[in-house]
Amino acid sequence: MAQTPQEENRGETAAEVFDRLFVPAMAAPWAARVADAARLKPGDRVLDVACGTGAVTKEALRRVGPDGTVAGLDLSPEMLAVARRTLPGTDLREGAAESLPFHDQSFDVVTCQFGLMFFEDRAAALREMSRVLRPEGRLVVAVWDSLDRTPGYAALTEIIERHLGAEAGVPVRAAFVLGDVATVQSMVETAGFTSVRARSVEAPARFPSLAAWVEAEVRGWIGGDFGEREYAALLTDAEERLAGYRQADGSVEFGLPAIIATGARG
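Think of each chain on its own: its residues are numbered from 1, step by step along the sequence as written. The predicted origin of the model limits local features to residues at a pLDDT of at least 70 and limits the giving and counting of side-chain atom pairs to 80 or more, whereas totals for whole chains, interfaces and linings rest on all residues. The side-chain quantities take in all heavy atoms of the structure and omit both hydrogens and water.

Of all eight residues in strand 9 (residues 258–265), eight are buried, a share of seventy percent or more. DSSP-based pairing: two strands are paired if at least 2 bridges between them are found. Helix numbers and strand numbers start at the N terminus; a helix is a DSSP run of H or I with at least 4 residues, a strand a run of E with at least 2. Inspection of the sheet shows strand 5 (residues 133–144) paired to strand 9 by seven bridges, in the antiparallel sense. The residue bridging Val140 from the neighbouring strand is Thr262, located in strand 9. Strand direction decides the pairing type here: strand 6 (residues 193–201) and strand 9, joined by seven bridges, are antiparallel. Bridging across to strand 9, Val201 finds its partner in Ala258. Working definition: with a 1.4 Å probe on protein chains only, accessible area under 20% of the residue-type maximum means buried, over 50% means exposed, and in between means partly exposed.

Okay, here's the thing in structure tokens:
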């Protein structure tokens, strides 16, 4: 009997599922927008904080060219293991954003895509980003907008909680806790950055199928050992309730706005 895609990929780590499904659907398209906001150019020295499996790191390497440098930092060894396979030779370090293992004024640009909301001390992390920037160096931070402005994810979160319990929805909801432009702007300004601008940017997310979207969230983000019966019931419910996001070719597309904040080190 032929295996389903979920069965074929059962041996993957959560980071590998994340890289296979989340990166092309969400992280890579946003990486290009973050790089645009950072005004990356050949020769820049870049630090990508909370680099994950390397979506922004890879985009930055492409833009800074052989005369530039890019380093990445992430707290997850599993994410870094995936990044190191696809970005050999890149300076990728395990560590916390609140204590960056880099010298003062080492970088022209610091990026942080979809990591700030998960830091234990966001203010300390932003101060560290300022510390490692040269004077007038550029900061770009991206966080997801609020869950109530992302109805597709709000609906999926409710389905997950119905079938897997309220605790399963906690990491999903945590991704949207900084979804307020004024809050993000104030945080960056309080950290000492100047010329700060925060804005919400509308953009779509696309997964190859509804099953891939569910798999990405449950196996690539929430994690845990959920039973096959529970997972099958969740998927059946999602196929019905989220059918409005399915496109003619079977893919799914939904709005996924994010807040991008830029600033300069004073």
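The next subject is the packing of aromatic side chains. In this analysis, rings of Phe, Tyr and Trp, with Trp reduced to its six-membered ring, are considered paired at centre separations within 6.5 Å, and the interplanar angle assigns stacked below 30 degrees, edge-to-face beyond 60, and tilted for intermediate values. Applying the stated rule across the entire model yields 16 aromatic pairs. Consider the rings of Phe114 and Trp144, whose centres lie 3.6 Å apart with planes at 10°: the pair is stacked. Of this pair, Phe114 sits in the loop between strand 4 (107–113) and helix 5 (122–132) while Trp144 sits in strand 5; the two residues are 30 residues apart in sequence, bridging distant segments of the chain. Across this residue pair, the class does not change: Phe114 and Trp144 are buried. Measuring from ring centre to ring centre gives 6.3 Å for Phe207 and Phe254, while their planes differ by 10°; the resulting arrangement is stacked.

A few words now on the pairing of strand 4. Counting buried positions over the seven residues of strand 4 gives seven, a clear majority of the element. Pairing analysis gives four bridges linking strand 1 (residues 45–49) to strand 4, with the strands arranged parallel. Each residue of the ladder has a partner; that of Asp48, found in strand 4, is Thr111. Judged from the six bridges that link them, strand 4 and strand 5 form a sheet pairing that is parallel. Across the sheet, residue Val109 finds its bridge partner in strand 5, namely Arg138.

What follows is about the sheet that holds strand 9. Sheet architecture is open: seven strands sit in the order 3-2-1-4-5-9-6, paired in mixed fashion. Two strands bound the open sheet, and with one partner strand each, they are strand 3 (91–94) and strand 6. Pairwise comparison of adjacent strand axes, ignoring direction, gives a mean angle of 15° for this sheet. Pairs of residues are marked as contacts when any of their non-hydrogen atoms sit within 4.5 Å. In this analysis an axis means a line fitted to C-alpha atoms, helices contributing only their contacting stretch, and an angle means the value between N-to-C directions, from 0 to 180 degrees. Lying on the sheet, helix 5 is in contact with strand 1, strand 4, strand 5, strand 6 and strand 9; it crosses strand 5 at an angle near 145°.

Secondary-structure assignment places Asp108 in strand 4. Given the relative accessible area of 9%, Asp108 is considered buried. What qualifies as a polar contact is a pair of N or O atoms within 3.5 Å, subject to a donor-acceptor requirement within protein and to the restriction that residues adjacent in sequence count only when both atoms come from side chains. One polar contact links the side chain of Asp108 to the main-chain amide nitrogen of Arg45, over a distance of 2.8 Å. Aside from chain neighbours lying at most four places away, what touches Asp108 is Gly43, Asp44, Arg45, Leu133, Arg134, Gly137 and Arg138.

Checked against the element boundaries, Val201 lands in strand 6. Along the primary structure Val201 and Phe118 are separated by 83 residues, whereas in three dimensions their C-alpha atoms are 20 Å apart. Sequence-distant contacts of Val201, defined by excluding residues within four places in its chain, comprise Trp30, Pro257, Ala258 and Ile260.

Let's shift gears to the pattern of salt bridges. Basic side-chain nitrogens of Lys or Arg form a salt bridge, by our definition, when they fall within 4 Å of a carboxyl oxygen of Asp or Glu. Scanning the model with the defined rule gives 21 salt bridges in all. The salt bridge partner of Arg63 is Glu59, with a shortest N-O separation of 2.8 Å. With Arg63 and Glu59 both in helix 3 (residues 55–64) and four residues apart, the pair spans about one turn of that helix. On the basis of relative accessible area, Glu59 is assigned to the buried category, the value being 15%. Each of Asp36, Glu59, Arg62 and Arg63 takes part in one network of salt bridges that share partners.

Taking 1.5 Å of rise per residue, the 25 residues of helix 2 (residues 14–38) would be expected to cover 36 Å, yet its terminal C-alpha atoms sit only 29 Å apart, more than 12% below that figure. The largest bend in helix 2 comes to about 75°, at Val23, with the proline Pro24 one to four residues further on. Arg39 lies just past helix 2 and shows a positive phi near 55°. Helix span is expected to be 1.5 Å times the residue number reduced by one. To get the bend at a given residue, fit one axis to the seven residues ending there, fit another to the seven starting there, and take the angle between those axes.

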